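# A look at the structure
The chain contents come next:
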Amino acid sequence: MAVPERTSSEPAAAPPAPDAAGSNSLAPDDAGSDIELTLPADPVHVPVARALAADLAVRLDYDLDEVSDLRMAVDEACAELVAKAAGPGRLRCVFQVDEDALRVTVSASTKDGATPGQNTFGWRVLTALVDEVTAWASGDNIVHIKLVKYRLEAHA
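Keep in mind the model is a prediction, meaning the values are calculated, not measured.

## Quick look at the overall build of the protein
Looking only at helices and strands, the protein features four helices and five strands. Reading the protein from its N terminus to its C terminus gives the helix and strand order β-α-α-β-β-α-β-β-α. Across the protein, the fraction of contacts at a sequence separation of at least 24, relative to all contacts at a separation of at least 6, is 66%.

Written as structure tokens, this is what we have:
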């Protein structure tokens, strides 16, 4: 299996040190940090994006149901774009962490630049799993799907 290529020339940052309680959860000071993952647009690589989504959700103290929902939503969005991908393209996932939500934008160059249909089973799955879903196309037939999952305590 090929290793995903790095998209930055900067050295990789060391993992965060455990806090006083021994946890590696993302602190509020980490809000606004973006994590970008670029993979081959191939179904065998989708589990990497799914695992990263679940790991981030756990570190952000989402409950188990929310972690599962995010994992499945990222899987569905990635699978949708991999199926539409043009040739041996790339799948780009950007994870944005802020104080009230985890935002995931999945993008890929597609054959026709068509966004996913909103009357499809896949779209209904996405809207059931996360709080917001948007899809759009940009130049060169690149399609984007953005998922937003708010933290429950942010709405309390």
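## Concerning helix 2 (residues 64-84)
An ideal rise of 1.5 Å per residue puts 30 Å on 21 residues; helix 2 measures up with 31 Å between its terminal C-alpha atoms. Among the residues of helix 2, Glu66, Val67, Asp69, Leu70, Ala73, Val74, Ala77, Cys78, Leu81, Val82 and Lys84 are the ones counted as buried. Two to three positions downstream of the cap, the backbone nitrogen of Asp65 sits 3.1 Å from a side-chain oxygen, assigning the N-cap of helix 2 to Asp63.

## Regarding the environment of Val130
Among the secondary structure elements, Val130 is positioned in the loop between helix 3 (121-129) and strand 4 (132-138). Val130 sits in the buried class, given a relative accessible area of 5%. Residues Val130 and Met72 lie 58 residues apart in sequence; the distance between their C-alpha atoms is 9.6 Å. Ignoring any residue separated from it by four or fewer positions in sequence, one finds Val130 in contact with Leu70, Ala73, Leu147, Val148 and Lys149.

## A short note on the sheet that holds strand 3 (residues 101-109)
Strand order in the open sheet formed by five strands is 1-2-3-5-4, with antiparallel pairing between adjacent strands. Of all strands in the sheet, those bounded by a partner on one side alone are strand 1 (34-40) and strand 4. Strand-to-strand twist in this sheet, taken as the mean axis angle between neighbours without regard to direction, amounts to 15°. As paired strands, strand 4 and strand 5 (residues 142-150) are joined by seven bridges and run antiparallel to one another. Residue pairing across strands places Trp136 opposite His144, the latter belonging to strand 5. Along the sheet face, helix 1 (residues 46-59) touches strand 1, strand 2 (90-97) and strand 3 and points at about 160° away from the line of strand 1. Its contacts with the sheet place helix 3 against strand 4 and strand 5, and it is angled at close to 130° to strand 4.

So, how was this worked out
Here the residue numbering is sequential within each chain, running from 1 through the sequence in written order. In keeping with the predicted nature of the model, local features appear solely for residues at pLDDT of at least 70, side-chain atom pairs appear and are counted solely at 80 or more, and the whole-chain, interface and lining totals rest on all residues. Working from all heavy atoms in the structure, the side-chain values ignore hydrogens and water. In this text, helices come from DSSP runs of H or I with a minimum length of four residues, and strands from runs of E with a minimum of two, each type numbered from the N-terminal end. Contacts between residues were defined by any pair of non-hydrogen atoms, one from each residue, lying within 4.5 Å. Helix span, expected: 1.5 Å multiplied by one less than the number of residues in the helix. Only protein chains enter the accessibility calculation, which uses a 1.4 Å probe. A residue is then buried if its area is under 20% of the maximum for its type, exposed if over 50%, and partly exposed in between. For the purposes of these results, a polar contact is taken to be a pair of N or O atoms within 3.5 Å, where, inside protein, one atom must be able to donate a hydrogen and its partner to accept one; residues adjacent in sequence count only when each atom of the pair is a side-chain atom. Note on pairing: DSSP must find at least two bridges between two strands before they are called paired. Interaxial angles span 0 to 180 degrees and are taken between N-to-C directions of axes, which are lines fitted to C-alpha atoms, for helices over the stretch in contact.

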